[in-house]
Every structure is written in C-alpha cells, then in structure tokens.
Amino acid sequence: MNGVSLSSQQSAGDALLGVDDSGPRLALVHTAGIGYLGLTGLLTWQALRGGSIIAPDGLTWAAYAGLMALGVAAVWLHATRTQKSASFSETWRV
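Just so it is clear, the model here is predicted, and its values are computed rather than measured.

Parameters at a glance
Residues numbered from 1 in each chain as written. Predicted model: local features only at pLDDT ≥ 70, side-chain atom pairs only at ≥ 80, totals over all residues. Heavy atoms only, no water. Patch = residues over 30% accessible without salt bridge, like charges linked within 9 Å, V, L, I, M, F, W, Y side chains within 5 Å. Areas by Shrake-Rupley, 256 points an atom, 1.4 Å probe, with all protein chains shown as cover. Salt bridge = Lys/Arg side-chain N within 4 Å of Asp/Glu carboxyl O. Helix = DSSP H or I, 4+ residues; strand = E, 2+ residues; numbered from the N terminus. Buried < 20%, exposed > 50% of the residue type's maximum accessible area, 1.4 Å probe, protein only. Phe/Tyr/Trp six-rings, centres within 6.5 Å; stacked < 30°, edge-to-face > 60°. Polar contact = N/O pair within 3.5 Å; in protein donor to acceptor, adjacent residues only side chain to side chain. Contact = heavy atoms within 4.5 Å.

Draft legend 1. Inspection of a nonpolar patch on the surface at higher detail. Taken together, the side chains of Leu43, Ile53 and Ile54 define a hydrophobic patch exposed on the protein surface, amounting to about 370 Å² of accessible area. For isoleucine 54, the location among the structural elements is in the loop between helix 2 (23–48) and helix 3 (58–91). Isoleucine 54 sits in the exposed class, given a relative accessible area of 81%.

Draft legend 2. Quick look at the pattern of salt bridges. Scanning the entire structure with this criterion turns up 1 salt bridge. Notably, a salt bridge pairs arginine 49 with aspartate 57, separated by 3.1 Å at the nearest N-O pair.

Draft legend 3. Fine view of the packing of aromatic side chains. If you walk through the whole model with that rule in mind, you get 1 aromatic pair. Ring geometry for tryptophan 61 versus tyrosine 64: centroids 6.2 Å apart, planes at 80°, classification edge-to-face. With tryptophan 61 and tyrosine 64 both in helix 3, this residue pair falls 3 residues apart, about one helical turn. When its relative accessible area of 33% is taken as the criterion, tyrosine 64 is described as partly exposed.

Draft legend 4. Here's a closer look at the side chain of threonine 31. Positionally, threonine 31 belongs in helix 2. One polar contact links threonine 31 to histidine 78, side chain to side chain, over a distance of 3.0 Å. Setting aside residues no more than four positions away along its own chain, threonine 31 makes contact with Gly71, Ala74, Val75 and His78.

Shown next, in the form of structure tokens:
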C-alpha cells in the first residue's frame, strides 16, 4: 500500500486527522443533530409567527445568528478537546 495503512475500522479521514477512537466523531454527530433540531425549531417558530422564509425579519436573523454561533462554539470546543486529549495521549504513550 502507498502511504498510510488503515485498520479495518479506521477511515482515511480519521488517519489524516489522527483520530484513534469514535468518541470525538460521535460528539460531532450529536452536535450536528442538535443544530439541525435547532434550525427546525427556528423555522417552525418563524412559521408560527407568520414570518416569510424568503424575507425574514430582524428577530429571526438574530435567532439564526445565535444558533450558528452556538453551533460553531460547540464544534470548536469538541475540536480543541480532541487535540488536547490527543497530545496528552501522545505524550504519555508507552
């Protein structure tokens, strides 16, 4: 094989990112699911208020910006926690 050899349960993306277990991946899937739930809730709330999807009002834009900020912050926290735990495990690997 050229390049990186992969185990049967490790994907090429995991090998490139240096992810050894499925914990960080599962956390990101949960974050994406919660973000999708939030977006669905936001659109439902907008529809119940009688707002237009094509031209949302300022309150809807503010709620959308808050939802996106929370999503980005959650992904950033997962990424930094994964990097810290990876560097810690590399330091103490025997």
